[in-house]
Amino acid sequence: MVVDLNKNIKINSTENSVNIEIDPAVYSLDVIYSACYVFLDRAYILVDSNNKKIQVEMVPKKGADLGEVGSEFNNELLNYAHYKMMGKKNSELRKIILQRALITNDPSVIDFSVDDFELEDKKNIKTPWNENAKKKK
Amino acid sequence: MLKRKNDNILVRFNKSFYDEEMITKSISDFGKTFDIKLKKDDKYFEVTIKDYDKNKIAAMEFCNYVLGMMKLENRKV
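What you see is a predicted model; the values in this text were computed from it and never measured.

Thresholds applied
- Residues numbered from 1 in each chain as written.
- Chains lettered and ligands numbered in written order.
- Predicted model: local features only at pLDDT ≥ 70, side-chain atom pairs only at ≥ 80, totals over all residues.
- Heavy atoms only, no water.
- Helix = DSSP H or I, 4+ residues; strand = E, 2+ residues; numbered from the N terminus.
- Rg over C-alpha atoms; globule rule 2.2 N^0.38 Å.
- Contact = heavy atoms within 4.5 Å.
- Areas by Shrake-Rupley, 256 points an atom, 1.4 Å probe, with all protein chains shown as cover.
- Core = buried A, V, L, I, M, F, W, Y, C linked by side-chain atoms within 4.5 Å.
- Buried < 20%, exposed > 50% of the residue type's maximum accessible area, 1.4 Å probe, protein only.
- Phe/Tyr/Trp six-rings, centres within 6.5 Å; stacked < 30°, edge-to-face > 60°.
- Lys NZ or Arg CZ within 6 Å of the ring centre and 35° of its normal.

With that settled, consider the overall build of chain B. Counting its regular elements, chain B contains 2 helices and 4 strands. Counting from the amino terminus, helix and strand elements in chain B follow one another as β-β-α-β-β-α. In terms of overall dimensions, chain B is globule-like: its C-alpha atoms have a radius of gyration of 12 Å, near the 11 Å expected for 77 residues. Each principal axis of the C-alpha distribution contributes one length, and for chain B these read about 35 × 25 × 20 Å. In chain B, the share of contacts with a sequence separation of at least 24, taken over all contacts with a separation of at least 6, comes to 70%. Carbon and sulfur atoms provide 47% of the accessible area of chain B, an area that totals close to 4,300 Å².

Right under this line is the structure:
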C-alpha cells in the first residue's frame, strides 16, 4: 500500500510554485504564520483561503525543489504546533519560575512552597539528615 | 501568486490573513521605487503594481515584506 504523505501539496511547475493546503482545524493560524516566517528568506509566500482551507502559495527563491520545499513546510508546521502545545503545557511552570526569580528579595510574597508540588521522594531527601539518623538508630 | 492585468501586476491579499495598516505601511515603503495602488473589495486588498515583466520579483518581495512587517508589529499572530 502506498501512502501519500504530502497529499496537501500541489506543485505547479509552469509557475514554479507550490501550493500547500492546510486544515485550520489541525493547525492554528499563528502556527501557520510562524512556519511562513521561517521560509521568508527561502521563498516568496502568499497566504489565502479556499473552501474553508488555508492555502499557502510559495515560490522558491533559488530554484529549489518544489516538492522538498512543500514537505519542509509541512515539517515546520508540525514543529511549531508542538512548540505551541508544549508552551501551553508549561505556561504555569514558566510563570512560577519567573515569579520566583523576580521576587527573590521578598520571599514572603511568594504564595507557594516546594511542598505544593507532589514529588516522589524515593531517597527521602526532603527529611532532614538528623531525623533520618534517629530513625536508623 | 501574481496575476497579470494588461501590463500590471495584481496581488490579492486576503483580508482574513493580512492587516490593512501593514499593507499601507509596506506600500508607502515600496511606493518610493514603484508605482503601487491599493484597492479593496469584500474579501481582498488588491495591490496593483505597474510593469509586469520589470517588477515581477519586486511584487513577490512585496508579499514577503508585508508578512515580515506583520511579524515585526505582532499583527495577526
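Okay, the nonpolar core next. Ranked by internal contacts, the top residues of the largest apolar core, which has 50 residues, are A:Ile22, A:Ile45, A:Met58, A:Phe73, B:Phe13 and B:Tyr18. Considering every element that reaches this core, the biggest residue donor is helix 2 (residues 52-72) of chain B, with 9 residues. With sequence-adjacent residues up to four places away left out, B:Phe13 is seen in contact with A:Leu46, B:Tyr18, B:Ile23, B:Lys43, B:Tyr44, B:Phe45, B:Val47, B:Phe62, B:Cys63 and B:Val66.

This next bit is on the packing of aromatic side chains. Counted under the stated rule, the structure contains 8 aromatic pairs over all chains. Seen from their ring centres, A:Tyr33 and A:Tyr37 are 6.3 Å apart, and the 20 degrees between their planes marks the pair as stacked. Of this pair, A:Tyr33 and A:Tyr37 both sit in helix 1 (residues 29-39), 4 residues apart, which is roughly one turn of that helix. Classification of A:Tyr37 as buried rests on a relative accessible area of 11%. Taking the centre distance of 4.8 Å and the plane angle of 70 degrees together, the rings of B:Phe13 and B:Tyr18 count as edge-to-face. The pair B:Phe13 / B:Tyr18 is uniform in exposure class, with both members buried. In this structure, B:Arg12 is placed above the aromatic ring of B:Tyr44, and the distance from its NZ or CZ to the ring centre is 4.1 Å.

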